[in-house]
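Spelled out, the chains give:
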Amino acid sequence: MKIVEKRWIWYSISITIIVIGLIFVFTKGLNFGVDFRGGTLMEINIGKDYNVDDIRAILKSHNVEAYVSQAGDNNQEVLIRMAATDNSDELQNQIVEELKAKYGINDDDVLSIEQIGPTVGNELTRNAMYAIGIACVLMLIYIWIRFEIRFGVAAIISLLHDVLIMIAAVAIAGTQINTPFVAAILTIIGYSINDTIVVFDRIRENTRKLGKKKLDPIELTDMSIKQTLARSINTVLTTLFTITALYIFGVPSIREFAFPIIIGIVSGAYSSIFIAGPIWATWVQRDNMAKAAVRKR
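Residues numbered from 1 in each chain as written. Predicted model: local features only at pLDDT ≥ 70, side-chain atom pairs only at ≥ 80, totals over all residues. Heavy atoms only, no water.

Draft legend 1. Region of the structure containing the nonpolar core. By size, the foremost hydrophobic cluster in this structure holds 55 residues, and its most contacted members are Phe200, Ile265 and Trp280. Secondary-structure elements contributing two or more residues to this core are helix 1 (7–27), helix 5 (118–146), helix 6 (149–173), helix 7 (179–210), helix 8 (217–249) and helix 9 (252–296). For this core, the leading source of residues is helix 9, giving 15 residues. Formed by 20 residues, the second largest nonpolar core is a distinct cluster that contains Leu59, Val78, Leu91 and Ile95. (Core = buried A, V, L, I, M, F, W, Y, C linked by side-chain atoms within 4.5 Å. Buried < 20%, exposed > 50% of the residue type's maximum accessible area, 1.4 Å probe, protein only. Helix = DSSP H or I, 4+ residues; strand = E, 2+ residues; numbered from the N terminus.)

Draft legend 2. Up close: a nonpolar patch on the surface. On the surface, a nonpolar cluster with roughly 640 Å² of combined accessible area is contributed by Tyr130, Ile134, Val137, Leu138, Ile141 and Ile145. Mapped onto the secondary structure, Val137 falls in helix 5. Judged by relative accessible area, which is 47%, Val137 ranks as partly exposed. (Patch = residues over 30% accessible without salt bridge, like charges linked within 9 Å, V, L, I, M, F, W, Y side chains within 5 Å. Areas by Shrake-Rupley, 256 points an atom, 1.4 Å probe, with all protein chains shown as cover. Salt bridge = Lys/Arg side-chain N within 4 Å of Asp/Glu carboxyl O.)

Draft legend 3. Structural detail: the pattern of salt bridges. The tally for this structure, following the rule as stated, stands at 8 salt bridges. Its salt-bridge partner being Arg56, residue Asp53 comes within 3.1 Å of it at the nearest N-O pair. Here the residue Asp53 and the residue Arg56 both occupy positions in helix 3 (residues 52–61), the gap between them amounting to 3 residues, near one helical turn. A salt bridge links Arg204 to Asp201; its shortest N-O distance comes to 2.8 Å. In this pair, Arg204 and Asp201 are both assigned in helix 7, 3 residues apart and thus about one turn of the helix distant.

Draft legend 4. View of the pairing of strand 1 (residues 39–45). Burial analysis of strand 1 places 5 of its 7 residues in the buried class, the great majority of the element. Bridge count between strand 1 and strand 3 (residues 77–83): 7 bridges; the pairing is antiparallel. Each bridged residue has a counterpart across the sheet, and for Leu41 the counterpart in strand 3 is Arg81. One ladder, built from 6 bridges, connects strand 1 with strand 4 (residues 110–116); its direction is antiparallel. Its bridge partner lying in strand 4, Glu43 is registered against Ser112. (Pairing = 2+ DSSP bridges.)

Written out as structure tokens, the structure reads:
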């Protein structure tokens, strides 16, 4: 296996996907949901078991873009996040009246109706960026202490790769972005770094085992990736089967979380094998060549 030697092929595949995604981002824009764009948040006590799809059907009949989820004790309350429209007040009144008629509820069962402004969405976006940035910095410090700085930088680059691939995928697919997408990114960052550390740990173990028989960093990395490849593929497939089932059979709110997770799992496995290791090997090889050139002087 000559994964590192063919690194420019792997880099080109990733760059192509990311560039296509960025073209969609700048031309069509991302499909931000209510959590980011603002709108109306309604909390209503149905008071009995109900089918979420029935409420979604009511919202769909009004051409309302909304996010519906169950809440409260025994899931007998409903949370409705409606996107802001020119006639939001009129729409929310119509929807409340239809829910009253369908489930026999009264005004007291309408627990709250709040207007969420764009400022909240901006704050959510900012906090999401902070969370991702802090996670990356802490992981860089940990890998720096546990391994070395070059491992840490290579790992962070592979994580940024995964995030960009996920953003590219949702931009191309037009998937709505709400808070589940932020949770998906943070989940994949943790998942991907685990795979990457397994490869790096094997590189370190092989370095110690070989002792004086030092291999070229490219050969060392290829050998280490080959030794961990079966483990990586098995882990990805078992996780992917479960998440794919959730995406196929889950409700829309679950799919919003499952789709980026599916993309992130595949991207994370790809970056752990084809991105992180080759970056480290290339860096070490260049450092070794620079040291050798200094010795010859």
